[in-house]
Amino acid sequence: MIATVAGETAEFDAAGLTPRQINLEARRLLYTEGVTELTIHNPGAQHSIAVGLLTRCRITINGSLGYFGCGLIDGPEIHITGRVGWSVAENMMSGVVVIDKNAGSLTGAALRGGDLVVRGHAGARTGIDQKGGTIIVGGNVGSMTGFMMQRGRQIICGDAGQGLGDSMYDGQLYVGGKVAALGVDCVEAEMTDADHELIDRKFRIYRMDRPDTFRKFVCGKKLWNYDNLEPTERKLVL
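Residues numbered from 1 in each chain as written. Predicted model: local features only at pLDDT ≥ 70, side-chain atom pairs only at ≥ 80, totals over all residues. Heavy atoms only, no water.

Caption draft 1: Molecular detail of the sheet that holds strand β6 (residues 94-99). A sheet is described by the order of its strands in space; here 12 strands give the open sequence β1-β2-β3-β4-β5-β6-β7-β8-β9-β10-β12-β11, paired in mixed fashion. With partners counted over all chains shown, the strands left at the sheet margins are β1 (4-6) and β11 (186-189), one partner each. The sheet shows a mean angle of 15 degrees between the axes of neighbouring strands, taken without regard to direction. One ladder, built from 5 bridges, connects strand β3 (residues 37-41) with strand β4 (residues 58-62); its direction is parallel. Counted as the bridge partner of Thr 39 is Thr 60 from β4. The strands touched by helix α1 (residues 19-32) are β1, β2 (9-13), β3 and β4; relative to β2, the strand with the most contacts, the crossing angle is about 165 degrees. (Pairing = 2+ DSSP bridges. Helix = DSSP H or I, 4+ residues; strand = E, 2+ residues; numbered from the N terminus. Axes fitted to C-alpha atoms, helices over the stretch in contact; angles between N-to-C directions. Contact = heavy atoms within 4.5 Å.)

Structure follows, in structure tokens:
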């Protein structure tokens, strides 16, 4: 036991601890001690911190994380005061992750639900294979953002790199800055009142300044060919 516990609130210093020790202590506090508000100091940019947490709670991480932080979570609200590496919040099912600074590539990969907020910039392939939820980036995103996106939405305040929305199947991408180039089957669409309401609501919740205008990008549906049989398949069926 390395934490200081006061009722449903706890905190501990992770300096010198391994990722396994940090995660075990967090799980003990949240699942055994009944803690609902946890603060972790000095995580040291280590990998795979705060993963697989499946309970409603609030976690503040004072510092930066390495790769795969906060992945596979279902319910927690996590605030990271520093930066994060690749694949933060990968496969997040529900909850909230807010990052005060920048995020690496593959931010929100295969995100399924909840809100992922990066107040700074995010790297390439942000929201790759996204299946739901909302990703908000206060700065720029790298190339192939929204690649193979299936559902959900991304709100990008800054610029987007090459290949935005490449091979996306569904969902919405909102960009406040410039787009270097659209990916395959990604097309611009008209902003609706519902789009503006969504963006305004999210920015109020997270107290962020929003650009004056956004452009909306969606799937052009030219790749929606899953119901069409190839000639060789048709012969087998018929």
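Caption draft 2: How the structure looks around the layout of surface pockets. Empty space within the largest pocket amounts to approximately 230 Å³. Looking at the largest pocket, it is lined by 14 residues, and the ones nearest its centre are Arg 58, Ile 59, Thr 60, Glu 77 and His 79. When residues of the lining of the largest pocket are traced back to their parent elements, those giving at least two are β2, β3, β4, β5 (74-80) and β6. Considered class by class, the residues forming the lining of the largest pocket number 7 nonpolar, 4 polar and 3 charged. (1 Å grid on protein atoms, 1.4 Å probe; cavity = no way out; pocket = protein on both sides within 12 Å on 5 of 7 lines; lining within 4 Å. Points joined across faces, edges and corners; volume = space filled by probe spheres on them. Nonpolar A, V, L, I, M, F, W, Y, C, P; charged D, E, K, R; others polar.)

Caption draft 3: Geometry of α1. Over its 14 residues, α1 runs 19 Å from end to end, which matches the ideal 20 Å to within 8%, given 1.5 Å per residue. Looking at the packing, one finds that the buried side of α1 touches β1, β2, β3 and β4. Phi turns positive, to about 75 degrees, at Gly 34, one or two residues after α1. (Expected span 1.5 Å × (residues − 1).)

Caption draft 4: Just the nonpolar core, in detail. Counting 47 residues, the largest nonpolar core has Leu 38, Ile 59, Ile 78, Ile 80 and Val 97 as its most contacted members. Counting residues per element, this core draws most heavily on α1, at 4 residues. Listed in part, the 14 residues of the second largest apolar core include Ile 155, Tyr 174, Ile 199 and Phe 214. (Core = buried A, V, L, I, M, F, W, Y, C linked by side-chain atoms within 4.5 Å. Buried < 20%, exposed > 50% of the residue type's maximum accessible area, 1.4 Å probe, protein only.)

Caption draft 5: Representation of the environment of Thr 126. One can find Thr 126 in the loop between β7 (115-118) and β8 (131-137). Residue class for Thr 126 comes out buried when judged on its relative accessible area of 0%. The sequence separation of Thr 126 and Gly 142 amounts to 16 residues, and the corresponding C-alpha distance is 7.3 Å. In this structure, Thr 126 is in contact with Thr 107, Ile 135, Val 141, Thr 145, Gly 146 and Gln 154, ignoring residues within four places of it in sequence.

Caption draft 6: Structural detail: the side chain of Glu 25. Considering the arrangement of structural elements, one finds Glu 25 in helix α1. Of the residues examined, Glu 25 reaches a relative accessible area of 8% and is grouped as buried. In terms of polar contacts, Glu 25 uses its side chain to reach the backbone amide nitrogen of Ala 3, at 3.3 Å. (Polar contact = N/O pair within 3.5 Å; in protein donor to acceptor, adjacent residues only side chain to side chain.)

Caption draft 7: Main features of unusual backbone geometry. In the Ramachandran plot, Asn 42 falls in the positive-phi region, its phi being about 55 degrees despite a non-glycine side chain. Within the chain, Ala 89 stands out as a residue other than glycine whose phi angle is a positive 60 degrees. Within the secondary structure, Ala 89 sits in the loop between β5 and β6. Judged by relative accessible area, Ala 89 falls into the buried class, the value being 0%.

Caption draft 8: Fine view of the environment of Gly 158. Mapped onto the secondary structure, Gly 158 falls in the loop between β9 (151-156) and β10 (172-175). If near-sequence neighbours (up to four positions away) are discounted, Gly 158 is found in contact with Gly 138, Gly 139, Asn 140, Val 175, Gly 176, Gly 177 and Lys 178.

Caption draft 9: How the structure looks around helix α2 (residues 193-205). Over its 13 residues, α2 runs 18 Å from end to end, which matches the ideal 18 Å to within 8%, given 1.5 Å per residue. Considered for burial, the residues of α2 that qualify are Asp 195, Leu 198, Ile 199, Lys 202 and Phe 203. Along α2, the residues classed as buried sweep out an arc of 120 degrees about the axis, all on the same side. Facing away from the buried side of α2, by more than 90 degrees, are the exposed residues Asp 193, Ala 194 and Arg 204. (Arc of directions from axis to C-beta.)

Caption draft 10: Expanded view of the pattern of salt bridges. Across all of its chains, the model carries 10 salt bridges by this definition. With its nearest N and O atoms 2.9 Å apart, the salt bridge here joins Asp 115 to Lys 202. In this pair, Asp 115 sits in strand β7 while Lys 202 sits in helix α2, placing the two residues 87 residues apart along the sequence. For the pair Asp 115 and Lys 202, a shared accessibility class is recorded, and that class is buried. A salt bridge links Asp 129 to Lys 131; the nearest nitrogen and oxygen atoms lie 2.6 Å apart. Within the structure, one salt-bridge network assembled from shared partners comprises Glu 25, Arg 28 and Glu 33. (Salt bridge = Lys/Arg side-chain N within 4 Å of Asp/Glu carboxyl O.)

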